[in-house]
Amino acid sequence: MTIRRGDRQCGRSQIHSTESEGVILMKLNRLEIRLSRALLGAAFFCVLQAGSAHGGDSCITCHTDEDLLEEFSSQAGSKTSALQAGSG
Amino acid sequence: MAPLEPQQKVLVSDEFFDTDHGELDCVDCHGGNDDADDKEGAHQGFDPQPSINNPQEACGECHEEIVETVPQSLHATLSTFPGYLAKRADETTWDKVDHGRSRHCASCHTSCGGCHVSRPQYAGKGFVNGHVFSAKPDPVNQCTACHGSRIGNEFFGARGQGDVHLREYNMSCEACHPAEEMHAAAPQGLENRYHLQEAANCKDCHRDLQYGSVRDHRIHNNKVQCQVCHSQTYVNCYSCHTGTDDEGIAYFVNNYEFEGMKIGFNPDRFPGNNYEWAILRHVPVDPEVFDYYIKNGFPRFDVSPTWKRASPHNIQRRTWQNANCNNCHGQRDLFLAESDLLDYEKKANFGVTVTDDQIPPPRSRVMELGIDTSKVQTAKIVTAEWLDEHRSDDTVVILDARGETAYEAGHIPGAINLDPNAAEGLRTGLDDDLPLTLEDDQTLAETLGEYGIARDDHIVVYSDRGMDAGFLLGILDYAGADSISILNGGIAGWKEAGFELSEEEPDWDEKTFEIKSRKNLIVDSDYVKANLDNPEVVVVDVRVMQQSTGRAKHSLAERPGRIPGSVMLPLPALFMDDSFIKSPEELLWVLKERNIRPDRTIVVTCNTGNWAAAGMFMLRLLGYPDVRLHDESWINWTDL
């Protein structure tokens, strides 16, 4: 029995190496945009940064705090009909 | 799968920030405004599904090669599905059919996020693991969250025994369906998913079967689709209909499903898959599926069969149909007959059905299976006809083990509702030291008596699932009930036999249940632990295999996993979907195949003792002399 899957996994490791280079490129592009943005709103940004557990991003102030999320998302409702059949 | 709470859906874990994706800012992929100090401002321009709406920018900067093809992949486009509908429609009806398709069927599509970070849209969304991306999709929360009622249930054993690739080799979905297949662009006009060049094929791994040591491979290779010999029964769907509910939300329903197996002439022969015989599954297409939008939307309905080549995901090396040549050869019921077709689909399946003289003839010399059914306690199974004849007998008590709502909607006349999952006085509470274990004898006796049951009554139990009836029967067996039976087929079997239902709750008098508990039927976790290495004691885990393989856990369990050395045999392997019991001969053969032998002590375990009790009842019914219930089961084992 010959397993072809080994060949396929080679492709997956290539994906990982591409991913690392891509992350660096993307971060450089984004850094340029963020620098100019930071100059315009530096003071406000610092306040947010101080309140953030991970720095630099106000989104995670809420999205790492289950209690805050519960407070803000309590109105969310389902968009699936009760009559809907199960998955395929 | 229970949906996540809204806050759980979008809760980012600390682990995420240690990953490559965690190094990016949220707005890099999702847009929005990370300078805002309120929810509305922060979500201005926010895209919750960037991989669907803008994969090139959100994912393509890093995963360039993948994003080139994924938007044309079958998961993203479902392109073969409208292709089939378009064949059946014509130019005058297509626009309305396609409108219905886009409202009801297109939400099943997914993209990068639905396989690598979140539950897919169809499964209610929400992060699988705190927004941590995984190169391999989660088979429970992602793959089978969509591919659930067929593939998921088959693979994990919610129908049948589950799949050998999982049980023996711990393989997940991506082992056969790797990224190269999932990310592949589907060519324009692709006939169906099997025609995708990158599609999984058994022979990718199992090569050169004609040169192997298995005689039957040499005989059947390239003539018979692998699944004909190696799959188990599977679900077939009929009568898909679409509509809009009172709140204007689009839905579809399948009005009829059944578990079974049909072999027919392969309707989809092409190079590499040119088998003459194939496993066929009834697909839920119906001439009236889009009647909500257009009547007679499919003037060319007959252009494609409704019984399609199928690939059930419940593969076993040894199955009932390959156990013996004549379990397949000459078996009329196993082959699709014209009489199996409904009126609207007779023309559509021309060339797929098998006439009597086309069925492979029985072989004259076959190996006997040597299954001894003489110990099967046939009195523990009653038919609907028997119950109808005896339901008014003074000594017969009928128990409906379904939930209250189902009972009130219609039950067998005279049946008393005793739902063992909800009734108090059968099992301990969640706050007890050993939650959900059997109550003490006195409490059990009082409870059973309150429901009008005496130990010497003939107690017949039914449900809509064999496992629920079996659970109650296991408790009654422990309590020493003299005569207990399961109604074969449960409520479905009763209806199928043409008998009426009642909405009237019967009056009954309390009785005294003189308990004579069979203490030897129950073992605790200490016993199981002490016998883990004892070859004379076999622990059988009857849970679904996403739990017994550690991919998911019961909500009350501390952690996923299973008892070391336990044999996995999901309880649904013993019942058909509609709660008919599979033939005792087949069940005894399955147990023998798993080395669950009657000359050993068999300990049955599950999550809470519920399915294990049903398993104990079934094994005792099949004549196993020494079967024990591990009623502490996994939720208490994890505390050890």
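Residues numbered from 1 in each chain as written. Chains lettered and ligands numbered in written order. Predicted model: local features only at pLDDT ≥ 70, side-chain atom pairs only at ≥ 80, totals over all residues. Heavy atoms only, no water.

**Observations regarding the overall build of chain A**
Okay, step 1: Helices and strands together make up the secondary structure of chain A, namely four helices and zero strands.
Okay, step 2: Its helices and strands in sequence order give chain A the pattern α-α-α-α, from N to C terminus.
Okay, step 3: The buried share of chain A, reckoned over its 88 residues, is 26%. (Helix = DSSP H or I, 4+ residues; strand = E, 2+ residues; numbered from the N terminus. Buried < 20%, exposed > 50% of the residue type's maximum accessible area, 1.4 Å probe, protein only.)

**Side note on the packing of aromatic side chains**
All names here are of chain B.
Okay, step 1: Counted according to the given criterion, the structure contains 14 aromatic pairs over all chains.
Okay, step 2: Their ring planes at 15° and their centres at 6.4 Å tell us that Tyr 451 and Trp 508 sit as a pair that is stacked. Here Trp 508 lies in the loop between helix H22 (490-496) and strand E11 (522-523) and Tyr 451 lies in the loop between helix H20 (441-450) and strand E9 (458-462), a separation of 57 residues in the sequence.
Okay, step 3: Ring plane angle 40° and centroid distance 4.8 Å describe the contact between Trp 494 and Phe 499, whose orientation is recorded as tilted. (Phe/Tyr/Trp six-rings, centres within 6.5 Å; stacked < 30°, edge-to-face > 60°.)

**Section: the sheet that holds strand E15 (residues 627-630) of chain B**
Residue and element names in this part refer to chain B.
Okay, step 1: Spatially, E11-E15-E14-E12-E13 is the arrangement adopted by the five strands of the open sheet, whose pairing is parallel. In this open sheet, the two edge strands, each paired with only one partner strand, are E11 and strand E13 (567-568).
Okay, step 2: The sheet contact formed by strand E12 (residues 537-541) and strand E14 (residues 601-605) spans five bridges and is parallel. Each bridged residue has a counterpart across the sheet, and for Val 538 the counterpart in E14 is Ile 602. (Pairing = 2+ DSSP bridges.)

**Remarks on the layout of surface pockets**
Residues and elements named next belong to chain B.
Okay, step 1: Quantified by volume, the second largest pocket comes out at close to 610 Å³.
Okay, step 2: Surrounding the second largest pocket, 23 residues form its lining, Thr 233, Met 261, Trp 320, Leu 334 and Glu 586 being those nearest its centre.
Okay, step 3: Secondary structure elements with two or more residues in the lining of the second largest pocket: strand E2 (250-260) and helix H25 (584-593).
Okay, step 4: With four residues, the single largest contributor to the lining of the second largest pocket is H25.
Okay, step 5: Of the residues contributing to the lining of the second largest pocket, the split by class is nine nonpolar, nine polar and five charged.
Okay, step 6: Lining the lining of the second largest pocket are residues from two domains, each supplying at least three of them: domain 2 (188-358) and domain 3 (369-640). (1 Å grid on protein atoms, 1.4 Å probe; cavity = no way out; pocket = protein on both sides within 12 Å on 5 of 7 lines; lining within 4 Å. Points joined across faces, edges and corners; volume = space filled by probe spheres on them. Nonpolar A, V, L, I, M, F, W, Y, C, P; charged D, E, K, R; others polar. Domains from an automatic or database assignment.)

**Quick word on the sheet that holds strand E4 (residues 277-282) of chain B**
Residues and elements named next belong to chain B.
Okay, step 1: Taken together, the three strands give an open sheet; going across it, the order is E3-E4-E5, and neighbouring strands pair in antiparallel fashion. Of all strands in the sheet, those bounded by a partner on one side alone are strand E3 (262-265) and strand E5 (307-309). The sheet shows a mean angle of 55° between the axes of neighbouring strands, taken without regard to direction.
Okay, step 2: Of the strand pairs in this sheet, E4 and E5 are connected by three bridges, and their pairing is antiparallel. (Axes fitted to C-alpha atoms, helices over the stretch in contact; angles between N-to-C directions.)

**What to know about the domain arrangement of chain B**
All names here are of chain B.
Okay, step 1: We note that the domain assignment places domain 1 (6-136), domain 2 (188-358) and domain 3 (369-640) within chain B.
Okay, step 2: Domain 1 and domain 2 are separated by 31 Å when their C-alpha centres are compared.
Okay, step 3: Taken together, the 21 residues of domain 1 in the interface contact 28 residues of domain 2.
Okay, step 4: Here domain 1 packs against domain 2, burying approximately 2,100 Å² in sum over the two surfaces, 62% of which is carbon and sulfur.
Okay, step 5: Taken together, domain 1 and domain 2 are joined by one salt bridge.
Okay, step 6: Between Glu 191 and Lys 87 there is a salt bridge, with the nearest N and O atoms lying 2.9 Å from each other.
Okay, step 7: At the surface where domain 1 touches domain 2, the tally comes to 13 residue pairs in polar contact (both at pLDDT 80 or more).
Okay, step 8: Mapped by element, the contributors of at least two residues to the side of domain 1 that touches domain 2 are helix H8 (80-88) and helix H9 (94-104).
Okay, step 9: Considering every element that reaches the side of domain 1 that touches domain 2, the biggest residue donor is H9, with seven residues.
Okay, step 10: Here the residues of the side of domain 1 that touches domain 2 are counted per class, giving eight nonpolar, six polar and seven charged. (Contact = heavy atoms within 4.5 Å. Buried area = accessible area lost by both parts, 1.4 Å probe. Salt bridge = Lys/Arg side-chain N within 4 Å of Asp/Glu carboxyl O. Polar contact = N/O pair within 3.5 Å; in protein donor to acceptor, adjacent residues only side chain to side chain.)

**Let's talk about the pattern of salt bridges**
All names here are of chain B.
Okay, step 1: All told, the structure shown has 23 salt bridges over all chains when counted by the stated rule.
Okay, step 2: For Asp 441, the salt bridge is made with Lys 519, and the minimal N-O distance between the two is 2.8 Å. Of the two residues, Asp 441 sits in helix H20 while Lys 519 sits in the loop between H22 and E11, which places them 78 residues apart along the sequence.
Okay, step 3: Put simply, Asp 477 and Arg 518 hold a salt bridge, and the shortest N to O gap is 3.0 Å. Note that Asp 477 is positioned in helix H21 (residues 466-478) and Arg 518 in the loop between H22 and E11, a separation of 41 residues in sequence.

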